[in-house]
Each structure stands twice: as structure tokens, then as C-alpha cells.
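# Observations on chain architecture
If you want the building blocks of each chain, they are given just below.
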Amino acid sequence: MATPKAIPTDGLGRPLGVLRLSLTARCNLACPYCLPDGQEPPGLLTLEQRHAVVQAAVALGAHSLRLTGGEPLLHSQLESLIETVQPLRAQGLRDIALTSNGTLLSANRARALREAGLDRLTLSLDGADGASVARMAGLSDAKAGERTLEAVLAAIGHARDAGFDPAAGALKLNAVIQRGLNDDQLLPLAELCRGQGLELRLIEYMDVGNRNGWNPADVVSAGAMVEHISSRWPLEPLERDLHSTARRWRHRDGTGGIAVVASVSQPFCGDCNRLRVTADGVAYTCLFAAPSSGLDLKPWLQPSSNAMDLEQALTQLWRSRHDRYSEERQASTAGREHAEMAYLGG
Ligand code: SAM
Ligand code: SF4
């Protein structure tokens with residue numbers, strides 16, 4: 001009988017659980033808090049190389065794959081990649097999820113993603129009116145914001161029709177909240193999600209990248225967001241799932257709930273189990289990593305490469321991981337460079 005493989009833990013005893021794979025650094029929106037590049041980095045991975053990365057991560061214990069970007073729906077091989085990793089379910093892959101701004105999600109695309117084997121979809125929308133959406137998505141005016149809002153609302157319908165059931169946690173909505181820009185959208189977004197039966201995931205505005213001019217004063221804390229929504233529709237806390245980025249709350253009236261991602265005010269580095277790989281094959285062990293700390297995996301992704309060597313390179317990277325940036329943010333990070341959000345994949 002084959003000896004089971006030793007699953008590595010990092011320098012703080014954390015196992016690898018989630019691979020966040022970015023498919024593109026490009027986006028069709030330009031949210032000012034993210035500010036993606038207009039073009040891809042050189043050396044984008046091929047479908048085969050991406051499959052090899054997922055396979056290696058699963059061999060090291062990753063049970064969840066999240067596909068992201070940039071805007072992953074811009075990537076023509078998205079469905080092919082989802083199809084090619086299906087056999088890895090037999091090796092421990094349990095969950096394949098996608099984060100998207102939803103604007104390009106037609107009914108056909110939603111069906112194709114479901115048929116390819118996508119389990120869960122999270123769409124991002126930062127406002128419930130045209131002006132707010134325009135402000136948060138970097139669009140020219142409220143009319144453009146309205147068109148985007150309509151596209152995302154249609155995408156929610158397409159996703160539901162394709163079988164992504166919000167009641168089963170297969171369809172959720174992300175919103176980043178920035179003080180003075182869209183904090184007035186908390187109740188409208190909560191109302192929209194209650195009406196649609198969607199979990200609203202409120203994300204604290206984070207200091208990812210170097211372009212967004214992040215200022216702690218612009219962060220609305222998760223506590224303040226929960227309090228505000230609870231004053232209108234009372235909430236009660238649910239147990240936090242181990243390794244989860246979000247703390248979940250349910251409405252006392254039984255109409256769904258919200259989740260908050262409190263990376264700034266209540267960091268969750270202690271059980272962070274996420275590995276990130278960029279569209280050009282650079283591995284990062286923290287969302288707030290310095291650009292120079294990434295490990296380029298391409299030397300282990302050549303036609304002549306051996307899968308075991310890639311696993312070994314990732315094992316070494318994971319074993320040497322000590323990241324806990326969010327917990328150290330206040331103490332030691334002045335002037336620190338971060339890789340950009342759309343490049344890292346959120
Ligand atoms: N384009 C897709 C989307 O917007 O859903 C996927 C990539 S995007 C980088 C992934 C998530 O990161 C989105 O929900 C987005 O709102 C969030 N995000 C981007 N920049 C952020 C920031 N500075 N602080 C908090 N969340 C951010
Ligand atoms: Fe694009 Fe997503 Fe970044 Fe907005 S958050 S610019 S939709 S990648």
C-alpha cells in the first residue's frame with residue numbers, strides 16, 4: 001500500500017487549504033480601490049501549466065480552488081480549466097469557486113460554468129444605485145453605473161437559473177465599503193440581498209497594492225457595518241468557520257444574513273490557509289505580500305518538468321511561510337510595498 005503523503009504546514013503550523021488562482025490581471029472595470037493594469041504581465045501560464053499548479057496544490061492539501069483575477073470572465077479558457085481540474089476531486093479537491101464582477105455573465109456563460117463543474121460563484125457589487133456603482137467601479141457617470149448595475153442584477157438571475165443556489169451558499173455578493181464613498185449603500189445593498197436571498201459579504205477596504213492611496217480613515221470597520229445593518233434588520237452572530245475569511249451573521253427575522261471580512265479591524269492571520277498564484281505563475285503566501293517575495297513557478301512548469309519537483313518547490317515555500325501581515329499592520333508596515341490586488345487576485 002502506498003504511504004500517504006505528508007501534508008506540509010507553514011512556519012506557524014498552518015496547513016495549506018485554499019488555492020486562489022488568478023487567470024488574468026486585466027479587468028473591464030477600474031475600481032479606484034483596486035486599479036488593475038491595462039495589460040497582462042508577460043509569461044501568462046497556459047492551461048496545462050495552470051492544471052499542473054492546481055494538481056500540485058491539491059497534492060499538498062488544498063481542498064478548495066478559487067478562480068479570480070482581474071476579471072476572470074475575460075479569460076476564454078475559464079470553462080476549460082474548470083473542466084480539466086474535475087478529476088482532481090478524486091484526490092481531495094472539494095470546492096471550485098469563482099469571484100467575478102458579473103458584468104460579462106450572460107445566461108449562456110453561467111450555464112457553461114455550471115456544466116464545466118463550477119460549484120460556487122461570488123459576484124462583486126458596491127452599490128445599489130447608478131451613481132454609487134459608477135463611483136466605486138471607476139465609471140464615467142451615473143448612467144454608466146446604472147448599466148453596470150443592471151448587468152450585475154441580470155447576472156444574479158442567470159447564475160440562479162444555471163443552478164447556483166444562494167440558499168446552498170453557491171451564490172453570494174461581495175461589496176467593498178469605503179467611508180464617504182459608498183457607506184450610504186449598506187442598507188440598500190442589504191435590502192437588495194435580502195430580496196434576492198443572497199448572503200451579502202461586506203469587505204473592509206484594505207491596503208492591498210500601492211496605487212489606491214489607502215488611508216485607515218477610509219475604512220469602515222466590520223463592527224460598525226454590522227451595527228448599522230442590525231439597527232434596521234437585527235442580526236445575531238453565527239460561529240466563525242475555521243480558516244474562513246468571513247464572520248457570518250443571520251437576520252433574526254429569518255431572512256438570510258450577512259458576512260463581514262474584517263481583515264483590517266479583526267485580522268484572521270492565525271488560521272490563514274491560502275496560497276495565491278498570479279496569472280503569470282508567481283506564488284505568494286499573503287495577500288499583502290511584497291512584490292519581490294513571490295516565487296516564480298515557471299521553472300517547474302516546463303514541458304520537461306516533473307510534477308514532484310513542483311510539489312517540492314511549493315512545499316518549501318509553504319514551510320518557510322511566516323506571514324501575518326494583518327496582525328502586524330499597525331506595528332511594522334509603514335512604507336511597505338505590496339503587490340497589486342488585481343495581479344494577486346484578491
Ligand atoms: N474582478 C473580480 C471582482 O471584482 O469580483 C475578481 C477580482 S477582485 C480583485 C476580488 C475581490 O477583491 C472583489 O470582491 C473586490 O471588491 C475586492 N477588492 C479589490 N480591491 C480591494 C481593496 N482594496 N479592499 C478590499 N477589497 C478589495
Ligand atoms: Fe476589476 Fe474586480 Fe479590481 Fe474592480 S475589484 S477593478 S472589478 S478586478
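Refer to the structure above for everything that follows.
Structural notes, computed from the coordinates. Keep in mind it's a predicted model, so treat the numbers as computed, not measured.

## Considerations on the site of ligand 2
Every residue lining ligand 2 is accounted for by C27, L29, C31, Y33, C34, P36, G70 and N101. Here the residues of the shell around ligand 2 are counted per class, giving 6 nonpolar, 2 polar and no charged.

## A word on the nonpolar core
Among the nonpolar cores identified, the biggest contains 72 residues, and L21, L67 and L202 are the most heavily contacted of them. The greatest single-element share of this core, amounting to 6 residues, is contributed by helix α1 (residues 47-59). Each residue touching L21, except ones within four places of it in the same chain, is listed here: R50, V53, V54, L65, R66, L67, T68, L81 and V277. Core analysis: the next-biggest nonpolar cluster, separate from the first, contains 27 residues, Y33, C34, A137 and M341 among them.

## What about the site of ligand 1?
In the vicinity of ligand 1 there are 19 residues, among which Y33, G70, S124, N174 and M206 approach most closely. In this structure, M206 approaches ligand 1 through a main-chain N or O atom, which is 2.9 Å from a nitrogen atom. Contact with the protein chains removes 95% of the 540 Å² of surface that ligand 1 exposes when unbound. Listing elements by their share of the shell around ligand 1, those giving two or more residues are β3 (95-100), β5 (171-177) and β6 (199-204). Its residues assigned to classes, the shell around ligand 1 shows 8 nonpolar, 9 polar and 2 charged.

## Comments concerning the sheet that holds strand β10 (residues 274-277)
Strand order in the open sheet formed by 12 strands is β7-β8-β9-β6-β5-β4-β3-β2-β1-β10-β11-β12, and the pairing between neighbours is mixed. Since the sheet does not close on itself, it has two edges, and those belong to β7 (235-237) and β12 (295-296), each with one partner.

## Side note on the packing of aromatic side chains
Per the stated rule, a full pass over the model turns up 1 aromatic pair. For the ring pair Y284 and Y343, a centre distance of 6.4 Å and an interplane angle of 80 degrees mean the geometry is edge-to-face. Highlighted residues: Y284 in strand β11 (residues 282-284) and Y343 in helix α10 (residues 341-344), separated in sequence by 59 residues. Residue class for Y284 comes out buried when judged on its relative accessible area of 3%.

## Structural notes on the pattern of salt bridges
Tallying each qualifying case throughout the model produces 14 salt bridges. In this structure, D10 and R14 form a salt bridge, with 2.7 Å as the shortest nitrogen-oxygen distance. The exposure class of D10 is buried, given its relative accessible area of 5%. Residues joined in a network through salt bridges with shared partners are D10, R14 and R321.

## Considering empty space enclosed by the protein
Following the criterion strictly, the structure yields 1 cavity of 30 Å³ or more and no others. Around the largest cavity, the lining residues are A190, C193, R194, G197, L198, L200, H251, T255, G256, G257 and I258. Taken together, the elements giving at least two residues each to the lining of the largest cavity come down to α6 (186-196) and β9 (257-261). In terms of residues, the lining of the largest cavity owes the most to one element, α6, which gives 3 residues. When its residues are assigned to classes, the lining of the largest cavity shows 5 nonpolar, 5 polar and 1 charged.

Criteria and thresholds
- Residues numbered from 1 in each chain as written.
- Chains lettered and ligands numbered in written order.
- Predicted model: local features only at pLDDT ≥ 70, side-chain atom pairs only at ≥ 80, totals over all residues.
- Heavy atoms only, no water.
- Near = heavy atom within 4 Å.
- Nonpolar A, V, L, I, M, F, W, Y, C, P; charged D, E, K, R; others polar.
- Core = buried A, V, L, I, M, F, W, Y, C linked by side-chain atoms within 4.5 Å.
- Buried < 20%, exposed > 50% of the residue type's maximum accessible area, 1.4 Å probe, protein only.
- Helix = DSSP H or I, 4+ residues; strand = E, 2+ residues; numbered from the N terminus.
- Contact = heavy atoms within 4.5 Å.
- Polar contact = N/O pair within 3.5 Å; in protein donor to acceptor, adjacent residues only side chain to side chain.
- Areas by Shrake-Rupley, 256 points an atom, 1.4 Å probe, with all protein chains shown as cover.
- Pairing = 2+ DSSP bridges.
- Phe/Tyr/Trp six-rings, centres within 6.5 Å; stacked < 30°, edge-to-face > 60°.
- Salt bridge = Lys/Arg side-chain N within 4 Å of Asp/Glu carboxyl O.
- 1 Å grid on protein atoms, 1.4 Å probe; cavity = no way out; pocket = protein on both sides within 12 Å on 5 of 7 lines; lining within 4 Å.
- Points joined across faces, edges and corners; volume = space filled by probe spheres on them.

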